[in-house]
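# Examining the three-dimensional arrangement
Residue-level listing of the chains:
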Amino acid sequence: MFIAANWKMNLDKKSILEFSKHLQEFKFSNKVKACIFPPMTYIDYLNNLVANLPISVGGQNCHFNFSGAYTGEVSPIFLKDIGCEYVIVGHSERRTLNNENDYDVMLRSQSAINANLKVILCVGESLVERKKGEALNFIEKQLLASTPKNFENSLIAYEPLWSIGTGNIPSMTEIQEMHEHIAQIINHITNKKIKILYGGSVNVDNITDILNIKNVDGVLVGGASLKAKDFLAIYTAAVKKTYNF
Ligand code: PEP
């Protein structure tokens, strides 16, 4: 089971220090993996604060080259260098706001894996595709075009665009259907069993239902991961699920 916290462009140094105090007081389980994706500037800071805990840190994006004249970009090598284990690639906010297409996402993922990072590759349909009944086809195309050949030790995050930050989530049947579909396609592409996370308005109230869905191996949490109390409640729900409490 995997709980990923995407802080996006939120939380400054002082808030991160406060957050880390709650993490220090918490008893983590070796059954549930936690990874936090802070703003790039604080990855190193957070990593040092949680060095004694079983928590990984990761980047929210990386470039497809290891170095070069790319002002404002971050190399996967640098993320690895400062202790990142994971990197999120193809988040819908980057696809939409930074015009990253499937080919970019494929190159960035490939480069990250070559730098020995584990990728969380995000896919997700818009409300238009969902309403037209084209969600399954859309995700299939997105996976075929954005999964690199060397995809290993990595995960897929299914994040419907219309669910991110909106409080609206697909029905449990829709999530199950999509995760089953993704599991088949990604197995076909990679010949491996790849873990699939659900992301989109996950919170303390819906986490248990979501984790009970077949083929949901964890969650990628945005807004609800900004408060330590909520993040840890979500983590605790995953631990309970693992032990079948
Ligand atoms: C996200 O940005 O990946 C996300 C899932 O956000 P939220 O949980 O706020 O919907």
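See the structure above.
Residues numbered from 1 in each chain as written. Predicted model: local features only at pLDDT ≥ 70, side-chain atom pairs only at ≥ 80, totals over all residues. Heavy atoms only, no water.

Here we come to the overall build of the chain. A tally of regular secondary structure across the chain gives 10 helices and 8 strands. Taking 18 Å as the expected radius of gyration for a compact globule of 245 residues, we find that the chain reaches 17 Å, a close match to that expectation. Across its three principal directions, the C-alpha atoms of the chain cover 50 × 45 × 30 Å. Every one of the 245 residues in the chain was classed for burial, and the buried ones make up 52%. Across the chain, every contact between residues at least 6 apart in sequence was considered, and the portion connecting residues at least 24 apart equals 73%. Per element, the accessible surface of the chain, about 11700 Å² overall, is 50% carbon and sulfur. (Helix = DSSP H or I, 4+ residues; strand = E, 2+ residues; numbered from the N terminus. Rg over C-alpha atoms; globule rule 2.2 N^0.38 Å. Buried < 20%, exposed > 50% of the residue type's maximum accessible area, 1.4 Å probe, protein only. Contact = heavy atoms within 4.5 Å. Areas by Shrake-Rupley, 256 points an atom, 1.4 Å probe, with all protein chains shown as cover.)

This part takes up unusual backbone geometry. Backbone geometry places Leu11, a non-glycine residue, at a positive phi of 75 degrees. Within the secondary structure layout, Leu11 lies in the loop between strand E1 (2-6) and helix H1 (13-25). One non-glycine residue, Ser201, adopts positive backbone phi at about 55 degrees. Mapped onto the elements of the fold, Ser201 is located in the loop between strand E7 (195-199) and helix H9 (207-211).

This part covers the site of the ligand. Near the ligand, the surroundings consist of 14 residues, among which Lys8, Glu159, Gly165, Ser201 and Gly222 are the closest. Within the side chain of His91, an N or O atom sits 2.8 Å from an oxygen atom of the ligand. Taking Ser201, its main chain carries an N or O atom lying 2.8 Å from an oxygen atom of the ligand. In the complex, the protein chains occlude 95% of the 290 Å² of accessible area that the ligand would expose alone. Tallied by class, the residues present in the shell around the ligand amount to 3 nonpolar, 9 polar and 2 charged. (Near = heavy atom within 4 Å. Polar contact = N/O pair within 3.5 Å; in protein donor to acceptor, adjacent residues only side chain to side chain. Nonpolar A, V, L, I, M, F, W, Y, C, P; charged D, E, K, R; others polar.)

Around the barrel, which closes on itself, the 8 strands sit in the order E1-E2-E3-E4-E5-E6-E7-E8 with parallel pairing between neighbours. This sheet shows a mean twist of 25 degrees between the axes of neighbouring strands, independent of strand direction. Relative to strand E8 (residues 218-221), E7 runs parallel, the two sharing 2 bridges. Following the sheet pairing, Gly199 is matched in E8 by Leu220. Contacting E1, strand E2 (33-37) and E8, helix H10 (residues 228-243) crosses the sheet at an angle of about 165 degrees to E1. (Pairing = 2+ DSSP bridges. Axes fitted to C-alpha atoms, helices over the stretch in contact; angles between N-to-C directions.)

Before going further, it helps to examine the state of the cysteines. With the rule as written, the count across this model stands at 0 disulfides. This cysteine, Cys35, is not joined by any disulfide, and Cys84 carries the nearest cysteine sulfur, 7.7 Å off. By relative accessible area, Cys35 is classed as buried at 0%. In this structure Cys62 is not part of a disulfide, and its nearest cysteine sulfur, from Cys84, lies 9.7 Å away. (Disulfide = S-S within 2.5 Å.)

Moving on: the pairing of E8. Here E8 shows a buried face lined by Gly218 and Leu220 and a second buried face lined by Val219 and Val221. Two elements, E1 and E8, share 4 bridges in a ladder whose sense is parallel. Across the sheet, residue Ile3 finds its bridge partner in E8, namely Val219.

Here we come to the side chain of Thr190. Structurally, Thr190 is set in helix H8 (residues 172-190). Judged by its relative accessible area of 12%, Thr190 falls in the buried class. A distance of 2.7 Å separates the side chain of Thr190 from the backbone oxygen of Ile186, its partner in a polar contact. Polar contacts involving the side chain of Thr190 include one to the main-chain amide nitrogen of Lys192, which spans 3.1 Å. Among all residues touching Thr190, those that are not within four sequence positions of it are Thr147 and Phe151.

So, about helix H7 (residues 135-146). Helix length check: H7, at 12 residues, gives a terminal C-alpha distance of 16 Å against a target of 16 Å (1.5 Å per residue), a fit within 8%. Inspection of H7 places Ala135, Ile139, Gln142, Leu143 and Ser146 among the buried residues, and these make up the whole buried set. Buried residues of H7 fall within an arc of 95 degrees about the axis and therefore sit on the same side. In this structure, the buried residues of H7 make contact with helix H4 (92-97), helix H5 (102-114), strand E5 (118-123), helix H6 (127-131), strand E6 (155-158) and H8. (Expected span 1.5 Å × (residues − 1). Arc of directions from axis to C-beta.)

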